[in-house]
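# Structural overview for review
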Amino acid sequence: MTEGQGLAAASARATGADAAPAVDPVRPGPPPAAPPGSGPVAGPVIPGGGEAGRHRRVDARQLEAALLALRRRIVDVNLVYETEGAEATRAERRKLLSQIDDYLLPRIRQSEAPILVALVGSTGAGKSTLVNSIVGAQVSATGIRRPTTNSPVLACHPDEADWFAENVFLPTVPRVRQEGLARSGRDGLLVLAASEGMPKGVALLDTPDIDSVVSAHRDFAHQFLDASDLWLFMTTASRYADAAVWELLEYAKERGAALGIVLSRVPPSSGAELTTHFGAMLEANGLGENDRFVINETVIKDGRLPAEASAPVREWLQDTAVRADRRVAVLTQTMAGALDTFRSRVPALAAEVEAQLVIRSDLKAAVEGAYAAGLAEADEALADGSLLRGEILARWQDFAGTGELLRGLQAPRGRQGRQRKRGVPARARSLKSALRAGIESLILSVADRAAEESVRRWRNHPAGVALLDAFAAAEASQSWTGSQFAADAGLIFGTSAEAMPADVPDADGASAPGPLRQATLPLARSSADLQTHAVRAVSGWQDHVMRLVKAESVTKRSIARVMSFDDDSLATVLIVAMLGQRDVDGGAAEGTGTVPQLLLTSLFGAGPLREIGTQARADLHERMRRLFDEEMLRFVEVIDSPGELDDAAAVRLYQATYSLEMAR
C-alpha cells in the first residue's frame, strides 16, 4: 500500500461524524536498528564518521566536556554592535545555549530518562484534546478560546514525575505540579501532570500554538521543541497547507529531529483526497518517511476523543518507550540532528564575531581618517601663509614697519662683552601672542571639522548610527536629569520629551537636527578641554623654538662680535618665516615672509635655518597629533561603551566546534 493509499484507507474506515474515527499509523519502514548488544541507551549513540547510516557509541564524558567547552565559548561571545544580522545572531546565540542547557547536556547526563515528546501544531488542531485522550483524563485545558494553551502541560506517569520535577530538563523553565482539574496556567510556567494513564518511559508535552498571536507563545513552543527527543506535529485538514505549518516542518527537517505527523479533523467524505494530497506534499518536501496518523472528524466528549481514535498514537508512543531499538533510534536521530546543526550554526556565530571586530576597526578607522585629514589640513595651513592674515599680519607690520624689528633683535654689547638686560619689546610680545592665538584657533577649527566629519562618517554606518543614538539618549538623559529641578521649580518651560522631535524642518524645508539629534552635538565638535590643552601646547612649542634658536648659538658668528641678539624675538621672527613659506630651501616666499626669511638666512645660514625649521615643524606636528589623539579618545570611549570584544573569540569558537566533532 502506498502512503497516499494508507492515509486514504484510514479516513475511509470512518463511519460518520458520530462514529469513532479510524486512526491508521503509516510507517514506511522499521526504524534503524541499534548497534548489536547495545540494549537500553546507557550513553549517547550518535552517527560517527564513515559510511552513511553507521552509528557508534561515544564516550559520554568526552562529549559532555566538549559541549561544556563550546558552551563557555558561546557565553563569551559579545555582539555589541548593530548590523543587519546582529539581532538574528543574538537570537541564534540564545537558541544554541538553550539547546545545550535544555536538551543536550541533560540528555547526555540522564540517558535513561523518559523520552520527551513535544506535541506541537497550529491553532485549533486539537493538541490538548489528543493529550487528554492519550492520558485518559483532562490534564490540559481545552476550549474554543484561542490560544487555549498559554502554559505548557507535561503529562507523564507518576513514577517518572521526579525526572521532570527536578530542573534537569529545561532547567531555565519554572514548573509546578498540577493539582485538581486542568486549568490555564501562568505564561512561562511548565505544568507537570502525573497520571496513571500515561505510558511509562515517555512524557507528552502539550506546547503553545506555533502560529499563536502571542509571540511569547511561539518562542516558548520552539524552545520546547529544541528540548524534546521526539516531535509529534499536529495540523488539521483545513490548515495543513498554511505557511506556518510548512515552516515548522521544514525546521524539523533541518533540525534532523525524530518526527511523527498527525492530520486531524479530516471529513470522511473527502478524507481520501485530503490525505493523498497531504502525503504528496510531505513527499515533495522530503518528509514522506516520517510516521503519520489520520484522525477523522468525531464527537468530542469531556474534552477527549473516543479511545479507539487516540489508541494508535498512544500505542506508537508506548512502542517508542518500551522497544530498545526504537528508543535508541529516536534518541540517536534527534541528538545527532541537533549536533549536526552545530557544524554550520557555530561557525556562522564565529563569522558574526569576526564581523564585529571588523566593525570596531571600521569605526575607529573612520575617526582616525577624519583626524588624520585634519592634521594634514593644519600642516598645510601652517606652511602656505594662510595664517599671515588679520591680527597676525597687523602685528607683524606694526613690529617690522616701525623699526622695532631690528631694535628688538639686537643691541650693542657692553664693554665687558656682557649682554645688557632688557625686556622683550611690547610689539614683539603682541606679535608672539597673535601667533599663539592664530595657531590655537587653527587647531580648534580643524578639530571641530574632524569631529563633525567623524560623526558624519558614523552616520553612514549602521553600527555608527546605533552608537550615536545611544550616545544621544545618554546625553539627553543627563541633560534632563540636570534640568529636572529647574523644570519642577517652574524656572524653564518647554515641551515634554515625548513631544520633542528627532528632527525638525528648517526655513527651507530641509531636515534640521531636533533635540534628540542635537544631543550628539558635543561629539560633533571639539571637547571643552581642547582650548586649554592647545594653549599649553602652542606656548610650549614657542618656548621650544626659542631653545632651538638659542642652541644654534648664532651669537658665535662674526656678526655677533658687535651685536647681541634677543632669542625670544628671534624665535618669533623664525615662526613668522615658517608660516610664510613652504620650503626654506626654496628661498623666501612672496609677501610677508620675505623680510624674516632673508634676515634669518643671513644670520643662521641656509643649512642651519633649514634644520631649525624642520625640527620646529616636526615638534608642532607631534604636539598637534597628541592633541588630536586625545580628542579621538572620546570616540573610542563611545565605540567601547557597548562592551568589550575578545579578538580571539572567533578562533576559540572554531576550535571548540572542532573539538566537539572529534568527541563525536
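Residues numbered from 1 in each chain as written. Predicted model: local features only at pLDDT ≥ 70, side-chain atom pairs only at ≥ 80, totals over all residues. Heavy atoms only, no water.

### Describing the overall build of the protein
Along its length, the protein carries 20 helices and 14 strands. When each of the 664 residues of the protein is scored for burial, the buried share is 48%. For the protein, restricting intrachain contacts to residue pairs at least 6 apart in sequence, the fraction spanning at least 24 positions comes to 78%. Put simply, the protein shows about 30,400 Å² of open surface, and 52% of that area lies on carbon and sulfur atoms. (Helix = DSSP H or I, 4+ residues; strand = E, 2+ residues; numbered from the N terminus. Buried < 20%, exposed > 50% of the residue type's maximum accessible area, 1.4 Å probe, protein only. Contact = heavy atoms within 4.5 Å. Areas by Shrake-Rupley, 256 points an atom, 1.4 Å probe, with all protein chains shown as cover.)

### What about helix 7 (residues 243–255)?
A rise of 1.5 Å per residue sets the reference length of helix 7, with its 13 residues, at 18 Å; its end C-alpha atoms lie 18 Å apart and thus fit the reference within 8%. Residues of helix 7 that are buried include every one of Val245, Trp246, Leu248, Leu249, Tyr251, Ala252 and Arg255, and no others. (Expected span 1.5 Å × (residues − 1).)

### Concerning the pairing of strand 8 (residues 230–236)
Taking burial as the measure, the seven residues of strand 8 include seven buried ones, the bulk of the element. Here strand 8 shows a buried face lined by Leu230, Leu232, Met234 and Thr236 and a second buried face lined by Trp231, Phe233 and Thr235. Across five bridges, the pairing between strand 3 (residues 115–121) and strand 8 is parallel. Its bridge partner lying in strand 8, Val120 is registered against Phe233. In this structure, strand 8 lies alongside strand 9 (residues 258–266), joined through seven bridges in parallel fashion. Paired with Met234 across the strands is Val262, a residue of strand 9. Taken together, strand 8, helix 7 and strand 9 constitute a β-α-β crossover, and its handedness is right-handed. (Pairing = 2+ DSSP bridges. Right-handed = clockwise from strand over helix to strand, strands pointing away.)

### Focus: the side chain of Thr89
Structurally, Thr89 is set in helix 3 (residues 86–109). With near-sequence residues (within four places) excluded, Thr89 lies in contact with Leu79, Leu349 and Glu352.

### Regarding the sheet that holds strand 8
Hydrogen bonding along the main chain pairs the strands of a sheet, whether they run parallel or antiparallel. Pairing within the open sheet is mixed, and its eight strands lie in the order 5-6-4-7-3-8-9-10. Taken across any chain shown, the strands that pair with only one partner, and hence form the sheet edges, are strand 5 (175–177) and strand 10 (291–296). Pairs of neighbouring strands in the sheet enclose a mean axial angle of 20°, with direction left out of account. Relative to the sheet, helix 8 (residues 271–284) contacts strand 8, strand 9 and strand 10, its axis offset from that of strand 9 by approximately 155°. (Axes fitted to C-alpha atoms, helices over the stretch in contact; angles between N-to-C directions.)

### What about the pattern of salt bridges?
Scanning the model with the defined rule gives 32 salt bridges in all. Here Arg255 and Asp226 are joined by a salt bridge, their closest N and O atoms 3.5 Å apart. Of the two residues, Arg255 is situated in helix 7 and Asp226 in helix 6 (residues 215–226); the sequence distance between them amounts to 29 residues. The two residues Arg255 and Asp226 agree in class, both being buried. Glu440 is the salt-bridge partner of Arg436, the closest N and O atoms lying 3.8 Å from each other. Of this pair, Arg436 and Glu440 both sit in helix 13 (residues 426–459), separated by four residues, roughly a single helical turn. (Salt bridge = Lys/Arg side-chain N within 4 Å of Asp/Glu carboxyl O.)

### Some thoughts on the packing of aromatic side chains
Each aromatic ring pair is specified by the distance between its two centres and by the angle formed by the two planes. Counted under the stated rule, the structure contains seven aromatic pairs. Here Phe293 and Trp316 contribute two aromatic rings whose centre-to-centre distance is 5.3 Å and whose plane-to-plane angle is 70°, an arrangement assigned as edge-to-face. Residue Phe293 is found in strand 10, and its partner Trp316 is found in helix 9 (residues 307–322); the two are separated by 23 residues along the sequence. An aromatic cluster is present here, built from Tyr371, Trp458, Phe628 and Phe635 joined pairwise through their rings. (Phe/Tyr/Trp six-rings, centres within 6.5 Å; stacked < 30°, edge-to-face > 60°.)

### Quick look at the pairing of strand 9
Note on strand geometry: in a regular strand, side chains alternate between the two faces of the sheet. Within strand 9, eight of the nine residues are buried, which leaves it mostly tucked inside the rest of the structure. With five bridges connecting them, strand 9 and strand 10 associate as parallel partners. By the bridge assignment for strand 10, Gly260 is matched with Asp291. Of the crossover connections in this fold, the one passing from strand 9 over helix 8 to the parallel strand 10 is right-handed.

### Quick notes on the nonpolar core
Counting 65 residues, the largest nonpolar core has Tyr81 and Trp458 as its most contacted members. Those elements giving two or more residues to this core turn out to be helix 10 (324–381), helix 11 (390–401), helix 13, helix 14 (462–488), helix 16 (530–551), helix 17 (567–579) and helix 19 (606–640). At 14 residues, the largest contribution of residues to this core is made by helix 13. The contacts of Trp458, once residues within four sequence positions are left out, are Leu363, Ala366, Val367, Gly464, Val465, Leu467, Leu468, Leu523, Phe635, Val638 and Ile639. Counting 43 residues, the second largest nonpolar core, distinct from the first, contains Leu70, Leu97, Ile108 and Leu660. (Core = buried A, V, L, I, M, F, W, Y, C linked by side-chain atoms within 4.5 Å.)

### Topic: the side chain of Gln542
By the element assignment, Gln542 lies in helix 16. Note on Gln542: relative accessible area 5%, which makes it buried. Beyond its immediate chain neighbours, meaning those up to four positions away, Gln542 contacts Lys432, Leu435, Arg436 and Ile575.

### Digging into the packing of helix 10 against helix 20 (residues 649–663)
Orientation of helix 10 relative to helix 20, taken along the N-to-C sense of each, is 170°, at an axis distance of 8 Å. Between helix 10 and helix 20, the angle falls in the class roughly antiparallel. Contacts from Leu339, Phe342, Arg343, Val346, Pro347, Leu349, Ala350, Ala351, Val353 and Glu354 in helix 10 reach Ala649, Ala650, Leu653, Tyr654, Thr657, Leu660 and Glu661 in helix 20. (Parallel < 35°, antiparallel > 145°, perpendicular 65-115°, else oblique.)

### Brief notes about the confidence of the model for the protein
For the protein, the average pLDDT comes to 77, and 71% of its residues sit at 70 or higher. Across residues 489–512 the pLDDT falls below 50, and counting only partners more than four positions away or on other chains, this stretch makes 28 contacts in the model. (pLDDT = per-residue confidence, 0-100.)

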